[in-house]
Protein chains: 2
Amino acid sequence: MEHEPRELLQIMARRFGLLNKNCCSIGNNDISLIQSHILYEIARQHQPSMQQVADTLGMDITTFSRQVQTLIKKKLVKKTPLPEDRRVYILSLTVEGTFVTGAIDQMMNDYLEEVFSFMNDFEKETVMRSLKLLNDSMLKSKMCCTPMG
Amino acid sequence: MEHEPRELLQIMARRFGLLNKNCCSIGNNDISLIQSHILYEIARQHQPSMQQVADTLGMDITTFSRQVQTLIKKKLVKKTPLPEDRRVYILSLTVEGTFVTGAIDQMMNDYLEEVFSFMNDFEKETVMRSLKLLNDSMLKSKMCCTPMG
DNA sequence: CTCATTACTTGTAATTTGCAAGTTATGTAG
DNA sequence: CTACATAACTTGCAAATTACAAGTAATGAG
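Summarised in this report is the structure supplied together with it. For clarity, every value in this text was computed on a predicted model and none was experimentally measured.

Here is what the cut-offs are and how they apply
- Numbering of residues starts from 1 in every chain and runs along the sequence as written.
- Written order decides the labels, with chains lettered from A and ligands numbered from 1.
- This being a predicted model, a pLDDT of at least 70 is required before a residue's local features are given, and a value of 80 or more before pairs of side-chain atoms are given or counted; all residues contribute to the totals for chains, interfaces and linings.
- Computation of side-chain values: all heavy atoms of the structure, hydrogens and water removed.
- Least-squares superposition aligns the copies on the C-alpha atoms of those residues with pLDDT at or above 70 in both.
- Being paired, for any two strands, means DSSP has found at least two bridges between them.
- The numbering of helices and of strands both runs from the N terminus, where a helix is a DSSP run of H or I of at least 4 residues and a strand a run of E of at least 2.
- Residues count as neighbours in contact if any of their non-hydrogen atoms are within 4.5 Å of one another.
- Two parts placed together each lose some accessible area under a 1.4 Å probe, and the buried area is that loss summed for both.
- Basic side-chain nitrogens of Lys or Arg form a salt bridge, by our definition, when they fall within 4 Å of a carboxyl oxygen of Asp or Glu.
- In protein, a polar contact means a hydrogen-donor-capable atom and an acceptor-capable atom, both N or O and within 3.5 Å, with residues adjacent in sequence counting only if both atoms are side-chain atoms; elsewhere, any N or O pair within 3.5 Å suffices.
- Residue type decides the class: Asp, Glu, Lys and Arg count as charged, Ala, Val, Leu, Ile, Met, Phe, Trp, Tyr, Cys and Pro as nonpolar, and the leftover types, Gly among them, as polar.
- Only protein chains enter the accessibility calculation, which uses a 1.4 Å probe. A residue is then buried if its area is under 20% of the maximum for its type, exposed if over 50%, and partly exposed in between.

Considering the relation of the copies chain A and chain B
One copy of the chain maps onto the other through a rotation about an axis plus a displacement along that axis.
Working step 1: Taken as rigid bodies, chain A and chain B are interconverted by a rotation of 180 degrees and an axial shift of 0.0 Å, the fit giving an RMSD of 0.1 Å. A rotation of that kind, with that shift, is consistent with a two-fold axis. Of every C-alpha in chain A, the one belonging to A13 of chain A sits nearest the axis of rotation, 2.4 Å from it.

So, in C-alpha cells, the structure goes:
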C-alpha cells in the first residue's frame, strides 16, 4: 500500500481535527472548535495582540474580532488596551478562561497519551522528533503553510 | 524547549489546514475547504455512499447533503442510485471533478515536496514512517479521533 | 401487513463568514 | 502644525454554513 505524504498528513490532520472538535465541551461552557483554537493561542503566545492571534490562525480579522467578543461575553478572555499604542488590544485569559483552556488541554493530552500507548519508547521518541522536524521544515518553506500562502 | 505531543500536532494540523485552504482555488472554480475535503474523499474511497463520506469527514449528514448539491451544481460530482439498495446514492467525480481534484492534489504535493526538500533521505523516510505509525495508532485508539469521540 | 430502521432531503432558524466601510490612533512628509 | 497614508480594530450587511426537526422513500423484520 503506497502512501503519499499528502495522504498521510491529510488523514492525520483530519483525525486530530475531529479529536479537537470533541474536546470542546467543558462543563457548562460550549466552546466551538475555532474558539478553542483562539484560547489555545492566547495561552501559548506572550501577551498577543488581536492581529497577532488572527494571523497565527489564518483568520479574517473581522471574524476574529467577533469571536473574541463572544469569548469575552463568556468571560473567558480579557482585552486590555496597550498603553504604548492605543490602537492595539492585548488578549489574555481570565481565571475561568485559563481553567477551561487547561481542561481542554488535559483532555487532548489524555487522548494523545492513549494514542502513544500503542508505541514503545523508541517509536514514541522517533515520532516526536519527526513531528518537530516536519514543523521546522514547514516553517522554512516560503510558499507553504502561512496564512497568505 | 519542551514540546508536548499536543503542541506539535496542533501546530502541524493548523499549518496543513492553512495549506489546504490556499490550495482550493483552481481556475474559475472556487472551492471551499470542506468541498475540497469532500472531493478528496470521493476520489480516495471506492464508490462511496453519501453516508460513508459524511462519516469519514465527521460531518452532519444534512450539511453534507447540501454541500454535495453545491458540488453537483458545479458539475464536479455525480450522484448515482445504487441498484441493490435504492435508498443509497453512490458518489463519483465527473471528468471536470477529477481534473480539479487532481489539480488540488498536485498543488498540495508540490508544496509538500518543498517542505520535505529541507530533509535528507533518511529523515524523509523516518518522518513518513512516523506519520504512518501515528495514523495507525490513532486508528487503534477507541476514544480518539472518530467522528463520535 | 405493520412497524422499525436506514439513507437521504428539505424547512427553518441561528450562527458564521468576509467584504466594504467605518472609527480611532500612529507615523510621516511638507 | 497640518495634512495624509497607514495600522488596528469594529460594525453593516448579505451570503454561506450549520444543525436540529420533520419529512420522504426504500428496506427489513416480525
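That was the structure; now back to the text.
Re the pairing of strand β3 (residues 77-82) of chain A
Residues and elements named next belong to chain A.
Working step 1: Inspection of the sheet shows β3 paired to strand β4 (residues 85-93) by six bridges, in the antiparallel sense. Considered in β4, the bridge of L82 is made with D85.
Working step 2: Connecting the antiparallel pair β3 and β4 is a turn made up of two residues.

Overview of the interface of chain A and chain B
Working step 1: Contact residues are listed per partner, giving 61 residues for chain A and 61 residues for chain B.
Working step 2: Between chain A and chain B lies a buried interface of about 6,200 Å² when both sides are counted; carbon and sulfur atoms form 66% of it.
Working step 3: Considering only the side of chain A, the residues that lose the most area to chain B are R6, R14 and R15 of chain A, jointly responsible for 12% of the buried surface there.
Working step 4: Linking chain A to chain B there are six salt bridges.
Working step 5: Salt-bridge contacts for E41 of chain A lead to R14 of chain B; the nearest nitrogen and oxygen are separated by 2.1 Å.
Working step 6: Remark: the boundary between chain A and chain B carries 19 residue pairs in polar contact (both at pLDDT 80 or more).
Working step 7: Those elements giving two or more residues to the side of chain A that touches chain B turn out to be α1 (5-22), α2 (33-44), α3 (50-57), α5 (95-116) and α6 (121-140) of chain A.
Working step 8: Counting residues per element, the side of chain A that touches chain B draws most heavily on α1 of chain A, at 17 residues.
Working step 9: The residue makeup of the side of chain A that touches chain B, split by class, is 31 nonpolar, 15 polar and 15 charged.

What to know about the side chain of Q35 of chain B
Working step 1: By secondary structure assignment, the location of Q35 of chain B is in helix α2 (residues 33-44).
Working step 2: Not counting residues within four places of it along the chain, the set of residues in contact with Q35 of chain B comprises D30, Q67, T70, L71 and K74 of chain B.

A closer look at the pattern of salt bridges
It is possible for side chains bearing opposite charge to pair when their charged atoms get close.
Working step 1: If you walk through the whole model with that rule in mind, you get 14 salt bridges over all chains.
Working step 2: Between D105 of chain A and R6 of chain B there is a salt bridge, with the nearest N and O atoms lying 2.7 Å from each other. With one member in each of two chains, D105 of chain A in helix α5 and R6 of chain B in helix α1 (residues 5-22) form a pair that bridges those chains.
Working step 3: Note on D105 of chain A: relative accessible area 27%, which makes it partly exposed.
Working step 4: The partner of E125 of chain B in a salt bridge is R129 of chain B, with the nearest N and O atoms 3.9 Å apart. Taken together, the positions of E125 of chain B and R129 of chain B, both in helix α6 (residues 121-140) and four residues apart, correspond to about one turn of that helix.

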